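Listed here are the chains, written in short residue letters.
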Amino acid sequence: MYHKTLPYRMFSLFNYVFLAVIAFLCMLPLVHTLAVSLSGRAPANANLVGLLPIDFTWDAYHKTLSNANFLHSLWISVIRTVIGTAIAMAVTFLTAYPLSKESTVFRSRTWYSWFFVVTLLFGGGLVPTYIIIQKLGLMNSLWALILPGAIDVWLLVLLLNFFRGIPHALEEAALIDGAGQFRILLLIYLPLSLPAIATLSLFKMVGHWNAWFDGLIYLKNIQDYPLATFLQTILIQIDSTQLSSLGREMENISNNTVKAAQIFIGALPILMVYPFLQKYFVKGMVVGSVKE
Amino acid sequence: MLLPGVILALLFHYLPMFGVVIAFQEYKPYLGVTGSDWVGLKHFRAIFERIDSLQVIWNTLLIAALKIAFMILVPVVFALLLNEVRKMAFKRLVQTLVYLPHFLSWVILGAILTDLLSPEGGLVNRVLQEWFGIPPVFFLGNGDWFRFTVVTSEVWKEFGFSTIIYLASLAGINPELYEAAEADGASRWKQTLHITIPSLVPIMTVCATLSLSSILSAGFDQIFNLYNPLVYDKGDIIDTYVYRVGILSQKLSFATAIGLFKSVVSCILILSVYRIALKTANYRIF
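Residues numbered from 1 in each chain as written. Chains lettered and ligands numbered in written order. Predicted model: local features only at pLDDT ≥ 70, side-chain atom pairs only at ≥ 80, totals over all residues. Heavy atoms only, no water.

Q: I tried to follow the packing of aromatic side chains on my own but got confused; where do I start?
A: Within a pair of aromatic rings, the relevant descriptors are the distance that separates the centres and the angle that separates the planes. Enumeration over the complete set of coordinates arrives at 33 aromatic pairs over all chains. Ring centres of A:Trp212 and A:Phe213 lie 5.6 Å apart, and the angle between their planes is 75°; this geometry places the pair in the edge-to-face category. Geometrically, the ring pair formed by B:Tyr227 and B:Tyr232 is tilted, given 4.8 Å between the ring centres and 55° between the ring planes. Judged by its relative accessible area of 6%, B:Tyr227 is buried. Of the aromatic side chains, those joined through ring pairs into one cluster are A:Trp212, A:Phe213, B:Phe220, B:Phe224, B:Tyr227, B:Tyr232 and B:Tyr243. A cation over an aromatic ring shows up here: B:Arg188 above the ring of B:Tyr178, its NZ or CZ 5.4 Å from the ring centre. Here the basic side chain of B:Arg244 rests over the ring of B:Tyr232, its NZ or CZ set 3.8 Å away from the ring centre. (Phe/Tyr/Trp six-rings, centres within 6.5 Å; stacked < 30°, edge-to-face > 60°. Buried < 20%, exposed > 50% of the residue type's maximum accessible area, 1.4 Å probe, protein only. Lys NZ or Arg CZ within 6 Å of the ring centre and 35° of its normal.)

Okay, structure coming up:
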């Protein structure tokens, strides 16, 4: 038994300590940000805060949550995430079903599969996509952020692989009972694939919540930015270029604690959601990557 | 049922593909695709004549190659170490914590890192100075340090999540192999060397080959949120360059030409790499 040998025990001890340190390093930046956001203004601006708040106060959160621009962005992000995820999942679900059929049943299946997979291999790139969005009249609207990602081919591939694992017998029984394809889809496939749909919706939700670049190029007014884009503009662009055209925002950013509070609120929904759904994520990843 | 998906794909994926013709034109927005003049390969020649675009291609290759190398190595080592942990609660806790950064966007992390790495009192530089007496390092303002920071922070953000695949394949190794090795008196180290690592090689090959196809994408989100004019020379990659040249200074055709160059090379890489993965490890997408 190797467990009991002295070298293995020494290794094991070292291993536990090492892994604990790594895990700690992964969350250290967030802990630090949280500490800064809860600290008093003076110690935070003097860079004295480490991992624990100094002069504990909720001030930064009061200030952030009473900032109308910030709240509006937060609201837009919520809408975008909810509508965007719902539409994307509906479209992906509808598309995955026919594609999961054998090509004996649905003859042009292979053709359609390639039609979608090609979009993974080759894309028009930034400028042509931008021009199309402009020509479609989607500029400055929330649809520019929702529609282009509504057919997500990666999720499509994962979902259709999941569909293929559903026993054919169920479907045949339903067909004999006289159910149409839509009925089969809604009454058999939908309930059976709820765990998969939950996982993929979460991937999509995280994607929508974190997306910032499309807002930056397709929307003109900073008031209409979703939170991620808003944060990108006030935290990063201003920081690196020192452009001060945003007047009212500037006084807030000069304050480290408010900045930290904004960062933390931006990360919060994900921090709350992911530990509970970790096992689904893991399953989804493995289904999509390891094949026998 | 296919209709909504097909329409969306046509609009947002196929139309832009036809839009690449503007790479062969002197595109003027008010003239449109039909009215602009054709200039043939002029913009493609320009890519290879402009010194900054060669530098940009080199930056992209270097940063992407470093990322790929470390993103194979680190998750494998981490999965091996985690696999030795017998206490399930500890294992789960470590996993939960190391996945965390994967779910945060580069906007959030960019803002946090800028603060942590600041030479004027950022936490990292403070620790370096107070504990080791090292003078402040300008991580994001010096080109070489910038590359180092980009690769390190990418590995830091993603290694936990990539570990999942390797942990899954470790769980799939036949336990009888270990029992047999132990009966023969092999130590844990020997078992790792002769059973565990060889069983991981196929999945490592797949990951390595598949990641090769992204060698021209070194991470737009990350670099865009971390860089600044001080490090354009060593930190600019193709995607950030296309954004700066294309959208900001309105050289739409030139930017499209670079984008097209990138897409074509990536597409060829993906197809050949997929073929290799299919042959060596029997990997299929669907």
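Q: I tried to follow unusual backbone geometry on my own but got confused; where do I start?
A: Most of the time, phi is negative for any residue but glycine, and the peptide bond is trans. Residue and element names in this part refer to chain A. In this model, Asp55 sits at a positive phi of 50°, which is unusual for a non-glycine residue. By the secondary structure assignment, Asp55 is in the loop between helix H2 (41-45) and helix H3 (59-65). One non-glycine residue, Asn140, lies in positive phi territory at about 60°. Mapped onto the fold, Asn140 is located in the loop between helix H6 (126-135) and helix H7 (143-146). (Helix = DSSP H or I, 4+ residues; strand = E, 2+ residues; numbered from the N terminus.)

Q: So what exactly am I meant to see when it comes to the interface of chain B and chain A here?
A: Think of interface size as the accessible area that goes away when the parts come together; that is how it is often given. With 82 residues of chain B at the interface, the matching set in chain A holds 95 residues. Together chain B and chain A conceal approximately 8000 Å² of surface at their shared face, both sides included; 77% is due to carbon and sulfur atoms. The tally of links from chain B across to chain A stands at zero salt bridges. Applying the counting rule to chain B against chain A returns eleven residue pairs in polar contact (both at pLDDT 80 or more). (Contact = heavy atoms within 4.5 Å. Buried area = accessible area lost by both parts, 1.4 Å probe. Salt bridge = Lys/Arg side-chain N within 4 Å of Asp/Glu carboxyl O. Polar contact = N/O pair within 3.5 Å; in protein donor to acceptor, adjacent residues only side chain to side chain.)

Q: Even after reading the chapter, I still don't get helix H13 (residues 238-248) of chain B, so can you show me in this structure?
A: It helps to recall that an α-helix has 3.6 residues per turn; residues three or four apart then point in one direction. Residues and elements named next belong to chain B. With nine of eleven residues buried, H13 lies mostly within the body of the structure. What H13 keeps buried is the set Ile238, Asp239, Thr240, Tyr241, Val242, Tyr243, Val245, Gly246 and Ile247. Among the residues trailing H13, Gln250 stands out with phi positive, at a value near 60°.

Q: Whenever I open this one, the packing of helix H4 (residues 68-99) of chain A against helix H5 (residues 109-121) of chain A confuses me. Can you help?
A: Each packed pair of helices is defined by two parameters, the angle between the axes and the distance between the axes. Residues and elements named next belong to chain A. Where H4 meets H5, the closest approach of the two axes is 10 Å, and the angle between their N-to-C directions is 140°. Our classification of the angle between H4 and H5 gives oblique. Residues Thr95, Pro98 and Leu99 of H4 lie in contact with H5, whose contacting residues are Arg109, Tyr112, Ser113 and Phe116. The residue makeup of the contact of H4 with H5, split by class, is four nonpolar, two polar and one charged. (Axes fitted to C-alpha atoms, helices over the stretch in contact; angles between N-to-C directions. Parallel < 35°, antiparallel > 145°, perpendicular 65-115°, else oblique. Nonpolar A, V, L, I, M, F, W, Y, C, P; charged D, E, K, R; others polar.)

Q: Honestly, the environment of A:Lys63 in this entry has me stumped. Any pointers?
A: Counting through the fold element by element, A:Lys63 comes out in helix H3. When the C-alpha atoms of A:Lys63 and A:Ile222 are compared, they prove to be 19 Å apart, with 159 residues separating the residues in sequence.

Q: I tried to follow the pattern of salt bridges on my own but got confused; where do I start?
A: Working definition: two side chains of opposite charge can pair if their charged atoms are close together. A complete count under the given rule lists ten salt bridges over all chains for this structure. A:Asp214 is the partner of A:Arg80 in a salt bridge, and the nearest nitrogen-oxygen pair spans 2.8 Å. Of this pair, A:Arg80 sits in helix H4 while A:Asp214 sits in helix H12 (residues 213-218); the two residues are 134 residues apart in sequence, bridging distant segments of the chain. Pair check on accessibility: A:Arg80 and A:Asp214 agree, each one buried. Ionic pairing is found between B:Glu158 and B:Lys157, a salt bridge with its closest N-O pair at 3.1 Å. No difference in accessibility class separates B:Glu158 from B:Lys157, as the two residues are buried.

Q: What's the story with the confidence of the model for chain A in this structure? I'm lost.
A: A low pLDDT score tells you not to read the predicted coordinates there in detail. All names here are of chain A. In the predicted model, chain A carries a mean pLDDT of 83, and 88% of its residues have values of at least 70. For chain A, the element scoring lowest by mean pLDDT is helix H14 (residues 248-253), at 48; H4 scores highest, at 93. Low confidence marks residues 241-253, where pLDDT is under 50. Its contacts with residues over four positions away, or in another chain, come to 20 contacts. Low pLDDT (under 50) marks residues 288-292, which in the prediction has nine contacts with non-local residues, meaning those over four places away or in another chain. (pLDDT = per-residue confidence, 0-100.)

Q: It is not clear to me how the UniProt feature "transmembrane region" (unreviewed entry) in chain A should be interpreted in this structure. Could you clarify?
A: Residue and element names in this part refer to chain A. The UniProt entry lists residues 70-99, 111-133, 145-163, 184-203 and 260-277 under the feature "transmembrane region" (unreviewed entry), expressed in the numbering used here. Between the C-alpha atoms that bound residues 111-133 the distance is 27 Å, and the span itself is 83% helix and 0% strand. For residues 145-163, the end-to-end C-alpha separation is 28 Å, with 68% helix and 0% strand making up the annotated structure. (UniProt positions renumbered as here; feature names shortened; annotations may be inferred.)

Q: Sorry if this is basic, but what is going on with the UniProt feature "transmembrane region" (unreviewed entry) in chain B here?
A: All names here are of chain B. Using the residue numbers shown here, the UniProt feature "transmembrane region" (unreviewed entry) corresponds to residues 56-81, 199-220 and 252-274. Structurally, residues 199-220 comprises 68% helix and 0% strand, and the distance from its first C-alpha atom to its last is 34 Å. Within the segment residues 252-274, helix and strand shares are 100% and 0% respectively, and the terminal C-alpha atoms sit 32 Å apart.

Q: Can you help me understand the UniProt feature "domain: ABC transmembrane type-1" (unreviewed entry) in chain B in this one?
A: UniProt records the feature "domain: ABC transmembrane type-1" (unreviewed entry) at residues 57-273 of chain B, using the numbering of this structure. End C-alpha atoms of residues 57-273 of chain B are separated by 20 Å, and the span's content is 77% helix alongside 0% strand.

Q: Could you clarify how one ought to interpret helix H8 (residues 143-171) of chain B in this entry?
A: Residue and element names in this part refer to chain B. Given a rise of 1.5 Å per residue, 29 residues ought to cover 42 Å, and the 42 Å separating the end C-alpha atoms of H8 matches this to within 8%. The largest bend in H8 amounts to roughly 45° and is located at Phe159. Burial analysis of H8 places 22 of its 29 residues in the buried class, the great majority of the element. Regarding H8, its N-cap is Asn142, as a side-chain oxygen of that residue lies 3.0 Å from the backbone nitrogen of Asp144 further along. (Expected span 1.5 Å × (residues − 1). Bend = angle between axes of the 7 residues up to and from the residue.)

Q: So what exactly am I meant to see when it comes to the nonpolar core here?
A: Soluble globular proteins tend to pack their nonpolar side chains together in the buried interior. By size, the foremost hydrophobic cluster in this structure holds 166 residues, and its most contacted members are A:Phe116 and B:Val98. Per-element accounting of this core gives the leading share, 13 residues, to helix H4 (residues 51-83) of chain B. Once you skip the residues sitting within four places of it in the chain, A:Phe116 turns out to touch A:Thr95, A:Leu99, A:Ile151, A:Val153, A:Leu156, B:Leu2, B:Gly5, B:Val6 and B:Ala9. Among the nonpolar cores identified, the runner-up in size contains five residues, and A:Val36, A:Ala44, A:Val49 and A:Ala260 belong to it. (Core = buried A, V, L, I, M, F, W, Y, C linked by side-chain atoms within 4.5 Å.)

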